[in-house]
Number of protein chains: 2
Amino acid sequence: MKDNKVIHELITNGHLKYIPHISVDCVILGYHANQLNVLLNKWKDVEVWSLPGGYVERNESVDTAAHRVLWERTGVDKLFLQQFYTFGDPDRINMNRRLNRLPVLFQEGGKELHNWMAERFISIGYYALVEYSKVSPRPDHLSVESRWWDIHDLPALIFDHDRIISHALHAVRLQLKYQPVGLSLLPEKFTLPELQKLYETILSRKLDRRNFQKKMLSLGILRRLPERKTIGPHRSPFLYSFDKRKYNQALKEGYGFA
Amino acid sequence: MKDNKVIHELITNGHLKYIPHISVDCVILGYHANQLNVLLNKWKDVEVWSLPGGYVERNESVDTAAHRVLWERTGVDKLFLQQFYTFGDPDRINMNRRLNRLPVLFQEGGKELHNWMAERFISIGYYALVEYSKVSPRPDHLSVESRWWDIHDLPALIFDHDRIISHALHAVRLQLKYQPVGLSLLPEKFTLPELQKLYETILSRKLDRRNFQKKMLSLGILRRLPERKTIGPHRSPFLYSFDKRKYNQALKEGYGFA
DNA sequence: GCAAAAGTGTTGGCGGTACACCCATGT
DNA sequence: ACATGGGTGTACCGCCAACACTTTTGC
């Protein structure tokens, strides 16, 4: 198939285009049905999933590489993408014992194929917060499937990718405390209760409705719209949108949020 | 000289021992005379200073590499060493314009010498807090001098090392807010005013003496010793030492410090 | 009218900041 | 005695958490 040709080219000549031993892994978080989901790819021939990742081109910024991966896997760009940690253990590739066999990708006729992609990799971790509905997951050439997984119910993951996800979640929760979150996770217009659900999901704990509203409004990054949303047999909540100027300012300067 | 032989070996065969395109840079901070100092090396033949750094061995953890660099440059080990960011801009090597000429190290008879060390590097930044007095700076093979510099009065730095230092300081100040600092920066026994000076130096702002003491003691990581320190014509302050068990616990769990 | 959810206001406690007083020490 | 810095206590203020009441909407 065409894919196999691409893979062969990547394996044999990839080291000319990309920096060896360096990879970028993206923890792409989407929010849907009051769940935080993470985008994962299923590898060919192995019952194992992995974070969308990629390599850094010889003359490409690492940040750019991360954006490129995000774009290639989700079709969205210009997103909040945050580097959070670099994973440099030489054994990280063997961390999940049951998966210490490398995928068929690295074998040929049962024999292991030595190539640059089977070597040790130091991986730079990024996380992104994306609007679930705007994303159409696309598997890469090495994968047969790409889909969302509830972060509380993950499948078997390759290498140390479970640890990378844990780290990313920790970083996101930390961010929540000091910077606004939601611009890229919610639709253009949303209600305060919806925003609160998002916060509760990320923090995985309940928040007080009244205190949340007070606090959130006092930050001055929201604009109340003249419209309301109809939500069935209940009072209609106001719709809000982010004041993007102030939102980005708060992103830069930070604040305190309990 | 002997040094030149080592360098030649490094340039010609280093890529066999080390992962190419990857380096580790350490922002080693020492505290002395109410100043925060950073350890810098002066390069051979160029009026330019750089952070102590090194490469990652083919089968070495990145963390281990950072510890090794720290050990080789300062003679101290088992230190609090914290990864804080990875710098991956392909142009970082040219960032300081006046220094865009590479050191003589990469030239031979006026002609540029092409080798793995002159290529692009992605650098993983670590910071360490060390006790000034315990450190005997040792230049590496590429440097002629190694010494402390006041962070407010730095010399011309190579590449993007000024930016790396800024990032590190930011990370240290952030750490100060959530984790204890001082165990590796102060002698075994110290007074509360001394600890306060340290905090003021890192944050570069004055703190209220009484509030500082209340807050610090309430954290429960200090043990008041029966002795006092004689400081001339003034009341003798108590000596304290860190309760290492609780200190490390606070390191892990964190707290809030305004 | 009833149930469920949204909008708004009040209170109390904790922690942080600001500030005042007394104590110890060497000259 | 006096100057200088250290130890301790108090008052105020703001923020956050806990909590109650009213309003809206569809059935």
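Residues numbered from 1 in each chain as written. Chains lettered and ligands numbered in written order. Predicted model: local features only at pLDDT ≥ 70, side-chain atom pairs only at ≥ 80, totals over all residues. Heavy atoms only, no water.

Draft legend 1. Representation of the overall build of chain A within the structure. In terms of regular secondary structure, chain A is built from six helices and 12 strands. Out of the 258 residues in chain A, the part that is buried amounts to 52%. When contacts within chain A are restricted to residue pairs at least 6 apart in sequence, long-range pairs at least 24 apart make up 74% of them. Accessible area for chain A stands at about 12900 Å²; split by element, carbon and sulfur atoms hold 51% of it. Computing the positive centroid from 38 side-chain charges and the negative centroid from 29, chain A places the two 9 Å apart. (Helix = DSSP H or I, 4+ residues; strand = E, 2+ residues; numbered from the N terminus. Buried < 20%, exposed > 50% of the residue type's maximum accessible area, 1.4 Å probe, protein only. Contact = heavy atoms within 4.5 Å. Areas by Shrake-Rupley, 256 points an atom, 1.4 Å probe, with all protein chains shown as cover. Lys, Arg positive; Asp, Glu negative; His and termini not counted. Charge placed at Lys NZ, Arg CZ, Asp CG, Glu CD.)

Draft legend 2. The interface of chain A and chain B, seen in detail. In this assembly, 22 residues from chain A lie in contact with 22 residues from chain B. Of the roughly 1700 Å² buried between chain A and chain B, counting both surfaces, carbon and sulfur atoms make up 56%. Scanning the region where chain A abuts chain B turns up zero salt bridges. Here chain A and chain B share 14 residue pairs in polar contact (both at pLDDT 80 or more) between them. If you list the elements that add at least two residues to the side of chain A that touches chain B, you get strand E1 (18–32), strand E4 (53–57), helix H2 (62–74), strand E5 (81–87) and strand E8 (122–130) of chain A. With four residues, E1(A) is the largest single contributor of residues to the side of chain A that touches chain B. Split by residue class, the side of chain A that touches chain B holds 10 nonpolar, six polar and six charged. (Buried area = accessible area lost by both parts, 1.4 Å probe. Salt bridge = Lys/Arg side-chain N within 4 Å of Asp/Glu carboxyl O. Polar contact = N/O pair within 3.5 Å; in protein donor to acceptor, adjacent residues only side chain to side chain. Nonpolar A, V, L, I, M, F, W, Y, C, P; charged D, E, K, R; others polar.)

Draft legend 3. Representation of helix H2 (residues 62–74) of chain B within the structure. In a regular helix each residue adds 1.5 Å, so 13 residues correspond to 18 Å; H2(B) covers 18 Å between its end C-alpha atoms and thus fits that length. The inward-facing, buried residues of H2(B) contact E8 of chain A together with strand E1 (18–32), strand E2 (35–43), strand E4 (53–57), strand E5 (81–87) and strand E8 (122–130) of chain B. For H2(B), the capping residue at the N-terminal end is B:Ser61, with a side-chain oxygen 3.1 Å from the backbone nitrogen of B:Asp63. The positive-phi residue at the C-terminal boundary of H2(B) is B:Gly75, with phi of around 75°. (Expected span 1.5 Å × (residues − 1).)

Draft legend 4. Representation of the relation of the copies chain A and chain B. The two copies are related by a screw operation: chain A maps onto chain B through 180° of rotation and 0.0 Å of translation along the axis, at an RMSD of 0.1 Å. Put plainly, the chains are arranged around a two-fold axis. The share of interface residues of chain A whose copies in chain B are also at the interface is 100%, consistent with both copies meeting through the same surface. (Least-squares fit on C-alpha atoms with pLDDT ≥ 70 in both.)

Draft legend 5. A look at the protein's contact with DNA strand D. Near DNA strand D there are 24 residues, and of these A:Arg210, A:Pro233, B:Arg209, B:Arg210 and B:His234 occur at the shortest range. When atoms of DNA strand D within 4 Å of the protein are sorted by moiety, sugar and phosphate together comprise 51%. For DNA strand D, a base nitrogen lies 2.4 Å from a polar atom in the side chain of A:Arg210. A:His234 is positioned such that a nitrogen or oxygen atom in its backbone is 3.0 Å from a sugar or linking oxygen of DNA strand D. When grouped by side-chain class, the residues that make up the surface near DNA strand D number seven nonpolar, seven polar and 10 charged. (Near = heavy atom within 4 Å.)

Draft legend 6. Fine view of the protein's contact with DNA strand C. Surrounding DNA strand C, one finds 22 residues, the nearest of these being A:Arg209, A:Arg210, B:Arg210, B:Pro233 and B:His234. Sugar plus phosphate: this is where 52% of the atoms of DNA strand C within 4 Å of the protein reside. A distance of 3.1 Å is found between a phosphate oxygen of DNA strand C and a backbone nitrogen or oxygen belonging to A:Phe238. At a separation of 3.3 Å, a base oxygen of DNA strand C approaches a polar side-chain atom of B:Arg235. Among the elements of the structure, helix H5 (209–218) of chain A together with helix H5 (209–218) of chain B are those that each provide at least two residues to the surface near DNA strand C. Of the residues in the surface near DNA strand C, the class split is five nonpolar, seven polar and 10 charged.

Draft legend 7. Region of the structure containing the domain arrangement of chain A. Residue and element names in this part refer to chain A. Parsing chain A into structural domains produces domain 1 (2–177) and domain 2 (181–253). Look at where the C-alpha atoms of domain 1 and domain 2 centre, and you get two points 31 Å apart. Where domain 1 abuts domain 2, roughly 1400 Å² becomes buried across the two surfaces, and 70% of that area is made up of carbon and sulfur atoms. Taken together, domain 1 and domain 2 are joined by zero salt bridges. Every element with two or more residues in the side of domain 1 that touches domain 2 is listed here: E1, strand E2 (35–43), E8 and helix H3 (161–178). With four residues, H3 is the largest single contributor of residues to the side of domain 1 that touches domain 2. Taken together, the residues that form the side of domain 1 that touches domain 2 break down as eight nonpolar, four polar and two charged. (Domains from an automatic or database assignment.)

Draft legend 8. Examining the side chain of A:His21 more closely. Here A:His21 is to be found in strand E1. At 2.8 Å, the side chain of A:His21 forms a polar contact with the backbone oxygen of A:Arg120. Only 3.2 Å separates the side chain of A:His21 from the side chain of B:Arg58, close enough to count as a polar contact. The contact partners of A:His21, leaving out residues within four places of it in the chain, are A:Glu119, A:Arg120, A:Phe121, A:Ile122, B:Ile19, B:Pro20 and B:Arg58.

Draft legend 9. H5(B), seen in detail. A side-chain oxygen of the first residue of H5(B) lies 3.0 Å from the backbone nitrogen of B:Arg210; this N-cap is B:Asp208. Just beyond H5(B), the residue with positive phi is B:Gly220, at close to 75°.

Draft legend 10. Representation of the side chain of A:Asp243. Residues and elements named next belong to chain A. Within the fold, Asp243 resides in the loop between strand E12 (238–242) and helix H6 (244–253). One buried charge, Asp243, has no salt-bridge partner; the nearest side chain with opposite charge is Arg223, at 4.5 Å. Here Asp243 is in contact with Ile221, Leu222 and Arg223, once residues within four sequence places are set aside.

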